[in-house]
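Next come the chains, spelled out residue by residue.
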Amino acid sequence: MNYEIVVGLEVHCQLNTESKAFCGCSAKFGKSANTNVCPVCLALPGALPVLNARVVEDAVKLGLATGCTIARHSILARKNYFYPDLPKGYQISQYEEPICSEGMLHVETDEGSKDVRLVRIHIEEDAGKSIHDIGDDTYIDVNRCGVPLLEIVSYPDMRTSKEASAYLQKLRQIVKYLGISDGNMEEGSLRCDANVSVRPVGATEYGTRTEIKNMNSFRNVERAIEYEAKRHIEVIEGGGVIVQETRLWDADKLETRSMRGKEHAHDYRYFPDPDLVPVLVDDGMMHRMREELPEFPEDRAARFVSEFGIPAYDAGVLTVERELADYFEATLNVSGDAKASSNWVMGEVMRTLKEKYLDIHEFAISPERLGGLIKLINAGAISNTIAKQVFELMQEDEATPEAIVEREGLAQVSDTGAIEASIKEILDANQKQLEQYRSGKAQLFGFFVGQCMQKMKGKANPKVVNDILKSMLEG
Amino acid sequence: MQFHGYQDLRSRLLSGELTCEQVITDYLQRIESSRDDNIFTAVFHDEAMARARELDNKLQRGEEPGKLFGMPIAIKDNISMKGAPLSCASKILAGYESVYDATVIERMLAEDAIFVGRTNMDEFAMGSSNENSAIGPVPNPYDKTRVPGGSSGGSAAAVAGDLAMVALGSDTGGSVRQPAGFCNIVGLKPTYGRISRYGLVAFASSFDQIGLLAANCDDAALVLGVIAGKDEHDATSSHHDVPEYDTTMDHVSIEGLRIGVPRAFFPESLNADVAGVVKAGLKKLEEAGAELVEIDLPESDYAIAAYYILVTAEASSNLARFDGARYGYRSPDSPDLSSMYVNSRTEGFGAEVKRRIMLGTYVLSAGYYDTYYKKAQQVRRVFQDKYREAFEKVDVIFGPTSPFPPFGIGDKMDNPLEMYLADVFTVPASIVGMPAISVPVGFDSLGLPVGVHLICNFFEEGKMLGIARHLQTLCQTVPSN
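Residues numbered from 1 in each chain as written. Chains lettered and ligands numbered in written order. Predicted model: local features only at pLDDT ≥ 70, side-chain atom pairs only at ≥ 80, totals over all residues. Heavy atoms only, no water.

Re the overall build of chain B
The test is simple: Put simply, DSSP H or I for four residues or longer makes a helix, DSSP E for two residues or longer makes a strand, and each gets a number counted from the N terminus. To get the radius of gyration, use the C-alpha atoms; to get the globule rule, take the number of residues to the power 0.38 and multiply by 2.2 Å. For each residue, the accessible area found with a 1.4 Å probe, counting protein chains only, is set against the maximum for its type, and the residue is called buried under 20%, exposed over 50%, and partly exposed in between. In this description, contact between two residues means that some pair of their heavy atoms is separated by no more than 4.5 Å. Computed with the Shrake-Rupley method and a 1.4 Å probe, the accessible areas treat only the protein chains shown as cover for residues. The positive count covers Lys and Arg only, the negative count covers Asp and Glu only, and His and the chain ends enter neither. The atoms used to mark charge sites are NZ of Lys, CZ of Arg, CG of Asp and CD of Glu.
A tally of helices and strands in chain B yields 16 helices and eleven strands. By the compact-globule yardstick of 23 Å for 481 residues, chain B fits well, its C-alpha radius of gyration being 21 Å. Seen through its principal axes, chain B has C-alpha atoms that stretch 65 × 55 × 45 Å. Every one of the 481 residues in chain B was classed for burial, and the buried ones make up 64%. The contacts of chain B with a sequence gap of at least 6 include a subset with a gap of at least 24, amounting to 75%. Here chain B has roughly 17,000 Å² of accessible surface; of this, 50% comes from carbon and sulfur atoms. Put simply, chain B has 43 plus and 63 minus side-chain charges, and the middle of one group is 4 Å from the middle of the other.

Set out below in structure tokens:
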């Protein structure tokens with residue numbers, strides 16, 4: 001029998017706000033344990049939460065970007081359960097009335113494009129961290145308690161692991177474009193749980209689903225879904241039934257396993273949090289958030305094609321990340337040459353980022369300096385080859401490309417006298433090749449050009465070299 | 001040393017006739033000699049004396065004295081004060097010391113108040129008799145075999161015994177008003193949101209309000225003016241302007257005042273002795289020119305039912321943080337996580353607190369939420385609508401504070417439902433969130449205090465205090481202290 005995979009994703013996106021969702025503590029990572037804390041996030045007696053307005057704005061932005069209905073009035077609720085890394089004994093979340101509902105995400109894969117519907121997006125707070133690997137005791141780090149999250153829940157609309165991964169990448173792209181999250185899966189800013197089931201092709205009812213947790217990369221999401229679907233099919237084909245449960249993905253063993261022991265039928269006893277007032281979104285905020293929405297990747301790519309005349313492929317690559325697209329546009333602003341800017345960003349810049357594991361905002365060469373470099377090439381001041389050397393040197397200090405060319409003596413030589421002199425030396429030193437050339441072996445022309453460029457350390461103007469060499473070879 | 005209210009004390013301090021040090025010495029001596037009554041959970045002897053001297057110096061330096069300059073104040077033991085133990089009269093907070101000041105504490109400190117100590121209460125403010133206290137009951141100052149009311153029993157007894165001029169309490173369903181009625185003093189619960197709850201240990205967040213216990217309405221109004229108002233640390237605190245309460249009070253006249261008298265507040269079951277004293281108070285208001293208006297309000301029984309569903313639901317969640325993990329009591333018998341939770345909470349909480357946590361957990365459970373919690377919320381909205389309507393016809397709603405006089409220590413401990421009925425007249429104002437006050441109006445045939453309960457519309461504390469002051473004058477219950 002042929003089976004179809006059915007996948008729905010629940011994604012937790014950590015917002016990059018300065019302060020936590022319900023207190024003034026810093027929401028930044030990397031501080032020593034239990035230092036980003038206050039009476040509120042420590043749940044000391046008498047402390048009260050107050051909602052950070054930025055969190056609401058970020059939720060509204062993501063809702064607008066995904067075509068959701070924005071609730072003008074939504075409710076923060078308490079999800080009650082005991083766990084040591086949850087100081088209040090409840091998590092503040094949204095339950096019956098989330099801030100965003102019924103949206104859509106357009107996803108492209110090699111197999112085609114697809115609209116994945118969203119059930120809801122709601123606001124909640126993160127829990128702390130339990131640390132089990134120091135001796136026999138368990139330690140608690142409360143720093144993460146109260147860090148704001150948005151939970152994005154999709155309908156079970158995905159049918160392949162590739163679609164699930166593409167959905168997740170799309171979501172990541174959007175939150176990064178909105179500037180509301182760094183979207184980093186490895187560091188846990190984007191966490192994904194997958195609900196997976198299978199059913200015979202053509203069936204209308206869903207199969208029993210399992211929930212897969214602990215997948216911290218796109219690759220792992222794909223692998224885990226594929227593994228789990230295969231497991232479902234094997235169980236069903238073997239005459240068994242799928243048990244609805246939560247399973248953990250083990251990225252080392254490449255398998256999912258049951259989270260037995262933690263799997264009580266939890267009754268979270270949700271109810272509206274009486275310490276907080278309803279979340280209100282008025283016309284003014286809706287208007288402001290609409291104004292603040294960035295140009296999204298598809299629109300931006302289309303504009304790059306129409307406005308700058310670069311190929312659609314290049315435009316697609318350049319707009320994958322907002323920062324990269326910003327970098328390209330800033331480079332172009334200075335260089336005035338779209339094709340060259342695109343080539344440099346997609347070539348040398350992206351290669352360097354990959355080699356050095358850098359994000360574009362960490363890259364040493366500002367777009368202004370790169371634009372200056374391109375201008376030097378176009379003005380004939382340096383060759384492309386020399387420009388690559390300058391590019392490397394530009395990563396080492398803040399000097400302008402002009403200053404580096406000057407300092408390193410890399411300016412292009414167009415002085416015909418100097419070029420003639422070095423060609424003469426080369427012809428004298430390579431009599432054999434000269435004879436071969438003159439007896440019809442025209443491809444040796446390149447050999448002489450290469451020798452000449454080498455002799456002049458790449459600084460010779462290639463056009464001038466070509467012209468002089470041609471006349472001297474004929475000579 | 002006796003004062004006719006705070007203004008008397010203040011003028012004698014500012015004139016130099018007395019010093020804060022003398023006043024506080026006197027109060028601390030009285031507190032010391034009443035120690036057997038178990039009214040205080042902690043006395044700030046050294047801190048209060050140091051602060052008194054500091055304030056005396058401030059005055060000598062010619063600096064402007066704050067609005068509460070030198071006022072000796074007692075704080076219920078569920079309001080956080082930096083560096084002081086915070087027990088909520090519960091074993092589960094053993095050894096816990098607050099690291100921050102409640103907003104009300106900050107505001108009173110800024111106006112030169114002096115805190116003399118923390119007062120006994122029902123554990124986590126759950127009770128109507130102060131008997132649910134881990135450190136034991138408090139006797140009623142008028143009959144030591146009887147309860148002072150609760151949960152702010154220590155605060156009421158402190159003010160009644162002049163161990164503090166004003167005390168802070170907290171009122172969820174009557175916890176300031178009922179003990180005030182039992183102890184012959186004024187007990188004010190403001191509009192929900194009028195006073196920041198930041199630093200008040202939550203029992204039921206949508207009901208809890210910090211309230212004031214004082215010998216007279218002027219002192220209550222003065223302190224209210226200092227602590228009321230928006231606080232950025234409490235999302236439920238109101239932006240509503242804080243008026244000059246003394247001016248508002250001065251403008252209140254009994255002549256032409258429309259007093260709503262609901263049948264629901266005078267049921268058959270009302271103690272006849274209490275009814276007599278309360279009605280005598282009403283008669284005096286009528287004679288002073290008030291117009292009595294019979295009004296219809298929903299039966300208070302429904303209020304009690306809805307109240308105990310909603311407050312226990314909120315409490316079950318609010319008290320989850322007392323888990324033995326980070327502070328307070330942890331059972332020595334905690335070999336693993338589950339036993340740490342179960343044993344710490346079983347051993348740390350008293351019987352009434354556990355009863356309410358279980359009730360609240362039940363009403364929020366899947367399958368019961370709609371039947372209980374949702375239904376109770378609907379009842380709450382009905383009460384809010386009915387009370388709003390009533391205030392289109394009247395200025396104030398009048399009734400007894402308690403259906404019976406102070407009862408004997410131990411009398412109702414075995415019957416929680418009967419104990420819950422102690423709040424039958426105070427709970428409706430908590431359900432709707434309107435301000436209410438208990439005013440002393442006289443004594444029953446056994447010489448036990450009787451209080452009248454007044455409810456006003458949202459944010460009409462000034463008007464309500466003005467009416468209460470008239471009533472207290474008419475009934476001659478303003479004490480000389």
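After presenting the structure, the write-up continues.
A look at the domain arrangement of chain A
Here is the rule: The domain limits used here are those given by an automatic or database domain assignment.
Here chain A is described as being made up of domain 1 (3-285), domain 2 (295-408) and domain 3 (416-474). Between the C-alpha centres of domain 2 of chain A and domain 3 of chain A there is a distance of 33 Å.

Comments concerning the pairing of strand β5 (residues 90-93) of chain A
All names here are of chain A. The test is simple: Here, strands pair whenever DSSP counts at least two bridges between them.
Side chains of β5 alternate between two faces, with Tyr90 and Ile92 and Gln91 and Ser93 buried alike. Note: strand β4 (residues 77-80) against β5, four bridges, orientation antiparallel. Looking across to β5, one finds that Lys79 is bridged to Gln91.

Here's the deal with the UniProt feature "domain: Asn/Gln amidotransferase" (unreviewed entry) in chain A
How we decide: UniProt positions are given in the numbering used here, feature names are shortened, and annotations may be inferred rather than shown by experiment.
Within this numbering scheme, the UniProt entry marks residues 326-473 of chain A as carrying the feature "domain: Asn/Gln amidotransferase" (unreviewed entry). Counted over residues 326-473 of chain A, helix gives 72% and strand 0%. Its end C-alpha atoms are 49 Å apart.

What about the side chain of Ser80(B)?
Assignment of secondary structure puts Ser80(B) in the loop between β2 (72-76) and α4 (103-110). In contact with Ser80(B), not counting residues within four places along its chain, are Pro45(A), Leu86(B), Ser98(B), Tyr100(B), Asp101(B), Ala102(B), Ile105(B) and Gly199(B).

Overview of the sheet that holds strand β13 (residues 246-250) of chain A
Residues and elements named next belong to chain A. The strand order across the open sheet formed by nine strands is β2-β6-β7-β10-β1-β11-β12-β13-β14, and the pairing between neighbours is mixed. Sheet topology places β2 (69-70) and β14 (255-258) at the edges, where each strand pairs with a single neighbour. Bridging between strand β11 (residues 190-200) and strand β12 (residues 210-215) involves four bridges; their strand directions are antiparallel. Paired with Ala194 across the two strands is Ile212, which belongs to β12.

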